[in-house]
Amino acid sequence: MSHDPLANKQQAWSALFSEPMSELVQRYTASVGFDQRLWRADIEGSLAHAEMLAAQGVVSADDLADIRRGMAAITSEIESGQFPWKLELEDVHLNIEARLTALVGDAGKRLHTGRSRNDQVATDVRLWLRGEIDRLAALLAEMQRSLVALAAVHTETVMPGYTHMQVAQPVSFAHHLLAYVEMFSRDAERLADVRRRTNRLPLGAAALAGTSYPLDRERVARTLGFDGVCQNSLDAVSDRDFALEFSAAASICMVHVSRLAEEIVLWMSQNFGFIDLADRYCTGSSIMPQKRNPDVAELARGKSGRVVGHLMALLTLMKGQPLTYNKDNQEDKEPLFDTVDTLADTLRIMAEMVGGIEVKTDAMERAALKGYATATDLADYLVKKGLPFRSAHEVVAHAVKNAIARGLDLAQLPLAELQQFDARIGEDVFAVLTLRGSLAARQGLGGTAPVQVRAQIERHRARLRGV
Ligand code: ARG
């Protein structure tokens, strides 16, 4: 029998075990099929640990040199697809450690001094997620830039603003797009906040209680670029709330994406006809030759379901877990990985698609003219002429009722007729009743007036510069 403890899976922990693991149990408990994705973080964490062990005199300088050499070889093996991943070795950690020992001998066996897979995996996931958060932050910035760029050419493009999906008041298309920029900028803030709590070092907690070796945890934290060290060993190995938070932030972001995707689908339908999408984001139908379907937007909307589902999976996974580490936690990886992949792909494709939106400004404007969208402007006009708002509201309701009966827009009613509703109405009312007049009037902070929206665009551009 081999003296290499990792040569056989059933011997990875100790000679205590007297029978081999069944094939089913091996397959059921193994995670290497998916957690090998953590390999880079695993090696980075191991090197930082080894370097600290050497600095503290726990392992020799020669051991450290061997470990470094072995890890370099493993890195190229993995990168070139030559690494011999073994299911029997359960997970990424045991696979890499076993390979290291095969390559460099005893130094490989010393690497795990003062460490457990419990603090190791917690460290790996945090390191990996930190990198992914940075990648997602860049994609979120790209998404926002794409929306801002489209908004910049549509500050004067009028569309109906809706409440209850009924035409409410005219807004500019730019203003509408910038609402999403606000959402995505909050998503970016949320991710940055999650990053702060993710970026703390569990390593040094060992299995759960800490270790008797004179470890320098602060040093490892500095080497790995962590902002701090987890202060309680039990919490360090069992906490996954950084993953829950991330998953929640990702879900909210996907919900934002799905709202935008839904609007894109609506706007492209013949009933709106507000936009067209480039062919490369659409598919046809196998039976209806006229069809061009906005599949990409529909899928982005649909994929929010799986990301929200992963949040539920992670919350349920943690609920009721006693301290400290439990194997349940191995189940955190697939939902987390899929969340990252789905969000990253969705942001990338949506940013691209938004960049190629063709805007049908005439159709938007016609729709805005349809629903008496400037009725509030008429009421405000009367208020400025001295009528209390509630009375003005009532006067305008009568005017709209009359216009509907005659199939006309408010601006199409002759002045004399308008004056029958209130004598204060003068020739200057027509400026107020136009879509552009309505927009221009809303100059206050956050309003839809082109001057205000242009200022917002400048603010976003400055904010996104260098992000
Ligand atoms: N593959 C495991 C996980 O993902 C690593 C930690 C295993 N620790 C243990 N004591 N079995 O959680």
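Definitions and limits used
Residues numbered from 1 in each chain as written. Predicted model: local features only at pLDDT ≥ 70, side-chain atom pairs only at ≥ 80, totals over all residues. Heavy atoms only, no water. Helix = DSSP H or I, 4+ residues; strand = E, 2+ residues; numbered from the N terminus. Expected span 1.5 Å × (residues − 1). Buried < 20%, exposed > 50% of the residue type's maximum accessible area, 1.4 Å probe, protein only. Contact = heavy atoms within 4.5 Å. Axes fitted to C-alpha atoms, helices over the stretch in contact; angles between N-to-C directions. Parallel < 35°, antiparallel > 145°, perpendicular 65-115°, else oblique. Left-handed = near helix turned anticlockwise from the far one by under 90°. Salt bridge = Lys/Arg side-chain N within 4 Å of Asp/Glu carboxyl O. Patch = residues over 30% accessible without salt bridge, like charges linked within 9 Å, V, L, I, M, F, W, Y side chains within 5 Å. Areas by Shrake-Rupley, 256 points an atom, 1.4 Å probe, with all protein chains shown as cover. Pairing = 2+ DSSP bridges.

Novice: When you look at helix α5 (residues 92-104) in this model, what are you seeing that I'm missing?
Specialist: An α-helix turns once every 3.6 residues. As a result, residues three or four positions apart point the same way. With 13 residues, α5 extends 18 Å between its outermost C-alpha atoms, agreeing within 8% with the 18 Å of an ideal straight helix rising 1.5 Å per residue. In terms of burial, α5 is a largely internal element, ten of the 13 residues being buried. Buried within α5 are the following residues: V92, H93, L94, N95, I96, E97, A98, L100, T101 and V104. Those residues of α5 hidden inside the fold are in contact with α2 (32-35), α3 (39-55), α4 (61-79), α6 (106-110) and α7 (117-152). Where α5 ends, the next residue or the one after it, G105, has phi of about 75°, a positive value.

Novice: Looking at this structure, how should I read the packing of α7 against helix α20 (residues 450-464)?
Specialist: Each pair of packed helices can be described by the angle between their axes along with the distance between the axes. For the pair α7 and α20, the least separation of the axes is 10 Å and the interaxial angle reads 150°. Between α7 and α20, the crossing angle belongs to the class labelled roughly antiparallel. Here the hand of the crossing between α7 and α20 comes out left-handed. In this structure, α7 contributes A141, Q144, R145, V148, A151 and A152 to the contact, and α20 contributes I457, H460, R461, R463 and L464.

Novice: Please clarify how unusual backbone geometry should be interpreted in this entry.
Specialist: Generally, phi is negative for residues other than glycine and the peptide bonds are trans, each holding for most cases. Cis peptide bonds are those with omega within 30 degrees of zero, and the linkage from L323 to T324 qualifies with 5°. Mapped onto the elements, T324 comes out in the loop between α12 (295-318) and α13 (333-355). Notably, E90 is not glycine yet its phi reads approximately 65°, a positive angle. The residue E90 is located in the loop between α4 and α5 in this model. One non-glycine residue, H164, adopts positive backbone phi at about 55°.

Novice: Which parts of the structure should I look at to understand the environment of E77?
Specialist: Within the element layout of this structure, E77 appears in helix α4. Classification of E77 as buried rests on a relative accessible area of 15%. C-alpha separation for the pair E77 and A416, spaced 339 residues apart in sequence, amounts to 86 Å.

Novice: When you look at the pattern of salt bridges in this model, what are you seeing that I'm missing?
Specialist: Two side chains carrying opposite charge are able to pair once their charged atoms lie near each other. As enumerated under the stated definition, the model contains 34 salt bridges in all. The partner of D91 in a salt bridge is R117, and the shortest N-O contact between them spans 2.6 Å. In this pair, D91 sits in the loop between α4 and α5 while R117 sits in helix α7, placing the two residues 26 residues apart along the sequence. Given a relative accessible area of 4%, D91 falls into the buried group. For R117, a relative accessible area of 22% puts it in the partly exposed group. K333 is paired through a salt bridge with D332; the nearest N and O atoms lie 3.0 Å apart. Its relative accessible area of 4% is what places K333 among the buried residues. Using a relative accessible area of 1% as the deciding quantity, one classes D332 as buried.

Novice: Please explain a nonpolar patch on the surface as it appears in this structure.
Specialist: Together, L208, L234 and L323 make up a nonpolar patch on the protein surface, roughly 270 Å² of accessible area in all. Position of L234 relative to the elements: it lies in helix α10 (residues 233-238).

Novice: It is not clear to me how the pairing of strand β2 (residues 166-172) should be interpreted in this structure. Could you clarify?
Specialist: Where strand β1 (residues 158-163) and β2 come together, six bridges link them in antiparallel fashion. Counted as the bridge partner of T163 is Q166 from β2. Here β1 hands over to β2 after two residues, with H164 in that stretch at a positive phi of 55°.

Everything listed here is a matter of coordinates, which is why it stays silent on function.
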